Amino acid sequence: MSIQLKSAAEIGKMRVAGRLAAEVLEMIGAHVEPGVSTGELDRICHRHIVDRQGAIPAPLNYKGFPKSICTSVNHVVCHGIPSDGKILKNGDIINIDITVIKDGYHGDTSKMFFVGTAPEHARRLVRVTRECLLKGIETALPGARLGDIGHVIQRHGESNHYSIVREYCGHGIGRGFHEDPQVLHYGAPGTGIELRPGMTFTIEPMLNAGSRHTRLSAADGWTVTTRDRRLSAQWEHTIAIGEDGCEVLTLREEER
């Protein structure tokens, strides 16, 4: 495992990329409504990233991924491919995952949105998943271990009767889209590598309303769904470990 500790200058560039990624999520929210296609959401985000921000949408052509954002609706866990044929309807929940590259550095973040009026059981899943992310971030302190992050996420999710997706996880990030280490969202406290200043990685818990088991689409090789077709939710931030805490590089204005 080769973990790249970032300099203050590098974290400064990641802060810029992270702010741009957050800004895309702030912008797109007004467009998430019944009747819009996920393909249209992709085009709006692409234009904003390229034309307004002068940045690069990292997913586009990454290992063959065909679009600029990921749109994961209802029982889609992650890596949903935007499509003009996928029309959002009232009551849907959707994760929009944005990664931008600016000056060679990545910012990666995702947020859950409600389409129209979502049912209470869906709202609860989304809320608890966000709580898991926040608990993971609170635990990401210098001297802590990666297992501590996974443990608090797993404990909170499972205590609320949800399951934790295990096949997909957070990751180191910087010049590379996916770097070491892998950041699991389950585990035992006191295990895994020690967190050190200069480490930058994502925390992005995925919680399922039913079983934790997932299925990867054989048709497109990307879309991951819950095997039992029950709802899934995910939130993601990019963070940097500092000398006395961690900084969320993708913080949105609504969270400040």
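Structural data are supplied above this passage.
Conventions and cut-offs
Residues numbered from 1 in each chain as written. Predicted model: local features only at pLDDT ≥ 70, side-chain atom pairs only at ≥ 80, totals over all residues. Heavy atoms only, no water. Helix = DSSP H or I, 4+ residues; strand = E, 2+ residues; numbered from the N terminus. Expected span 1.5 Å × (residues − 1). Buried < 20%, exposed > 50% of the residue type's maximum accessible area, 1.4 Å probe, protein only. 1 Å grid on protein atoms, 1.4 Å probe; cavity = no way out; pocket = protein on both sides within 12 Å on 5 of 7 lines; lining within 4 Å. Points joined across faces, edges and corners; volume = space filled by probe spheres on them. Nonpolar A, V, L, I, M, F, W, Y, C, P; charged D, E, K, R; others polar. Pairing = 2+ DSSP bridges. Phe/Tyr/Trp six-rings, centres within 6.5 Å; stacked < 30°, edge-to-face > 60°.

## Brief notes about helix α3 (residues 120-139)
The end-to-end C-alpha separation of α3 is 29 Å, in line with the 28 Å expected for 20 residues at 1.5 Å each. Burial in α3 covers these residues: A122, L125, V126, V128, T129, C132, L133, G136, I137 and T139.

## Some remarks on the layout of surface pockets
Taken as a whole, the largest pocket spans an internal volume of roughly 520 Å³. Y62, H79, C169, H171 and H178 are, among the 25 residues lining the largest pocket, the residues nearest its centre. At the level of secondary structure, the elements contributing two or more residues to the lining of the largest pocket comprise β4 (93-102), β7 (170-172) and β8 (179-183). For the lining of the largest pocket, the leading source of residues is β8, giving three residues. Within the lining of the largest pocket, the residues separate by chemical class into 10 nonpolar, seven polar and eight charged. Put simply, the second largest pocket is a space of about 150 Å³. Lining the second largest pocket are T38, T71, V73, H75, V76, G80, I81, K86 and T223. When grouped by side-chain class, the residues that make up the lining of the second largest pocket number three nonpolar, five polar and one charged.

## Remarks on the sheet that holds strand β6 (residues 163-164)
If you trace the three strands from one edge of the open sheet to the other, you get β6-β10-β13, paired in antiparallel fashion. A strand with exactly one partner marks an edge of an open sheet, and here the two such strands are β6 and β13 (232-234). Where β6 and strand β10 (residues 206-208) come together, two bridges link them in antiparallel fashion. Directly across from I164, in β10, lies its bridge partner L207.

## Considerations on the packing of aromatic side chains
Any two aromatic rings considered together are summarised by their centre-to-centre distance and by the angle between their planes. Across all of its chains, the model carries two aromatic pairs by this definition. Consider the rings of Y62 and F177, whose centres lie 4.8 Å apart with planes at 55°: the pair is tilted. Taken together, the residues span a long stretch of sequence, with Y62 in the loop between β1 (56-57) and β2 (70-73) and F177 in the loop between β7 and β8 at a distance of 115 residues. Among the residues examined, Y62 registers a relative accessible area of 24% and is labelled partly exposed. Judged by its relative accessible area of 12%, F177 is buried. On the numbers, 5.1 Å between centres and 85° between planes, the contact of F65 with W222 is edge-to-face. Here F65 is found in the loop between β1 and β2, whereas its partner W222 is found in the loop between β11 (214-216) and β12 (224-226), with 157 residues between them in sequence. Assessed through its relative accessible area of 2%, F65 is described here as buried.

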